[in-house]
Amino acid sequence: MKKSYLQTLEILLNLLIEWRNIRMMIFLHSKQKSMIAKEQNQIDEVLTQLYRDARYDILRMLKGAAKSMLRLMQPSDFENAYLSITKEQGEDLKCLIEENNIKNIIEFGTSFGISTLFLARGVMETEGHIITTELLESKAQKAIENFSKAGVADLIEVRIGDALKTLKDHTDPIDLLLLDGWKDLYLPLFKWNPIFMKTHLFMLIMPRWQRVKHS
Ligand SMILES: C[S@@+](CC[C@H](N)C(=O)[O-])C[C@H]1O[C@@H](n2cnc3c(N)ncnc32)[C@H](O)[C@@H]1O
């Protein structure tokens, strides 16, 4: 009799501990969610500012195109232009990352960091990481500033220089490869480093003039 009383007491005690653990887990989960929501807001604020500034991109692009009338076009002709993906493309990228639990991302073509910020919104949910690479020092430095302002600098490694060099020795598995740099470098990139052939998912961003908005 005494034994079964003790057993019941032990079961009750275990249930109580279990209940406490579950409540603690729910509390931590909701705390983590609200922290992510706060950080997402911070990213959104920076994105809003960047898109506001990018409204003048058409003028910067015309200026860049004018410079390259008599010679081959160079990335430095567009040093001040964002040339960024659209908000819709960014939102799609974020969903893609979340839905496929993508963790290891490589991006070719950082510019001022708009697309990278959308990638960061995704990897915040999946606990992933991004390596992004930009040829022009001034653009890369501005992007680093933007990542700090958005509070996501710890999720992003920025490699400054030619992607063919900065990504040449990369050996870790890649879940998502986002190609949004100089289009004629895509093939050499694959030839130079065989790890790119093993990437799970490729995303190729089309040149701006081919970006049709579907309604
Ligand atoms: C279309 S923009 C990237 C836009 C960015 N993904 C976004 O959506 O905000 C292409 C960028 O690739 C960079 N780029 C060009 N050639 C490169 C190279 N060889 N290595 C690394 N970056 C390069 C350019 O300087 C330019 O900033």
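Residues numbered from 1 in each chain as written. Predicted model: local features only at pLDDT ≥ 70, side-chain atom pairs only at ≥ 80, totals over all residues.

**Student:** Explanation requested: helix α4 (residues 114–126) in the structure shown.
**Tutor:** Each full turn of the α-helix corresponds to 3.6 residues, which orients residues three or four apart in the same direction. Taking 1.5 Å of rise per residue, 13 residues should cover 18 Å, and α4 covers 19 Å from first to last C-alpha, within 8% of that figure. Every buried residue of α4 is listed here: I114, S115, T116, L117, F118, L119, A120, R121, G122, V123 and M124. Remark: E127 follows α4 within two positions and exhibits a positive phi of approximately 60°. (Helix = DSSP H or I, 4+ residues; strand = E, 2+ residues; numbered from the N terminus. Expected span 1.5 Å × (residues − 1). Buried ≥ 20, exposed ≤ 12 C-beta atoms within 10 Å, placed from the backbone.)

**Student:** What is the right way to read the sheet that holds strand β4 (residues 176–179) from this model?
**Tutor:** Strand-to-strand pairing in sheets goes through backbone hydrogen bonds, with the strands running parallel or antiparallel. With parallel pairing, the five strands of this open sheet are ordered in space as β3-β2-β1-β4-β5. Of all strands in the sheet, those with a lone pairing partner are β3 (156–160) and β5 (201–204), marking the two edges. Taken pair by pair, the neighbouring strands of this sheet meet at an average axis angle of 15°, ignoring direction. Alignment of strand β1 (residues 104–108) against strand β2 (residues 129–134), held across five bridges, turns out to be parallel. Residue pairing for β2: N104 is matched across the bridge by H129. In the packing of α4 onto the sheet, the strands contacted are β1, β2, β3 and β4, and the crossing angle to β2 comes to about 170°. In the packing of helix α5 (residues 137–149) onto the sheet, the strands contacted are β2 and β3, and the crossing angle to β3 comes to about 170°. (Pairing = 2+ DSSP bridges. Axes fitted to C-alpha atoms, helices over the stretch in contact; angles between N-to-C directions. Contact = placed C-beta atoms within 7 Å.)

**Student:** I would appreciate a short explanation of the packing of helix α3 (residues 87–99) against α4 in the present structure.
**Tutor:** The relative placement of two packed helices comes down to the angle between their axes together with the axis-to-axis distance. Put simply, α3 and α4 touch, their axes get as near as 8 Å, and they point 25° apart. In terms of their interaxial angle, α3 and α4 are classed as roughly parallel. For the pair α3 and α4, the crossing hand works out as right-handed. Within the contact between the two elements, α3 uses G90, L93, K94, I97 and E98 and α4 uses S115, F118, L119, R121, G122, V123, E125 and T126. For the contact of α3 with α4, the per-class residue count stands at five nonpolar, four polar and four charged. (Parallel < 35°, antiparallel > 145°, perpendicular 65-115°, else oblique. Left-handed = near helix turned anticlockwise from the far one by under 90°. Nonpolar A, V, L, I, M, F, W, Y, C, P; charged D, E, K, R; others polar.)

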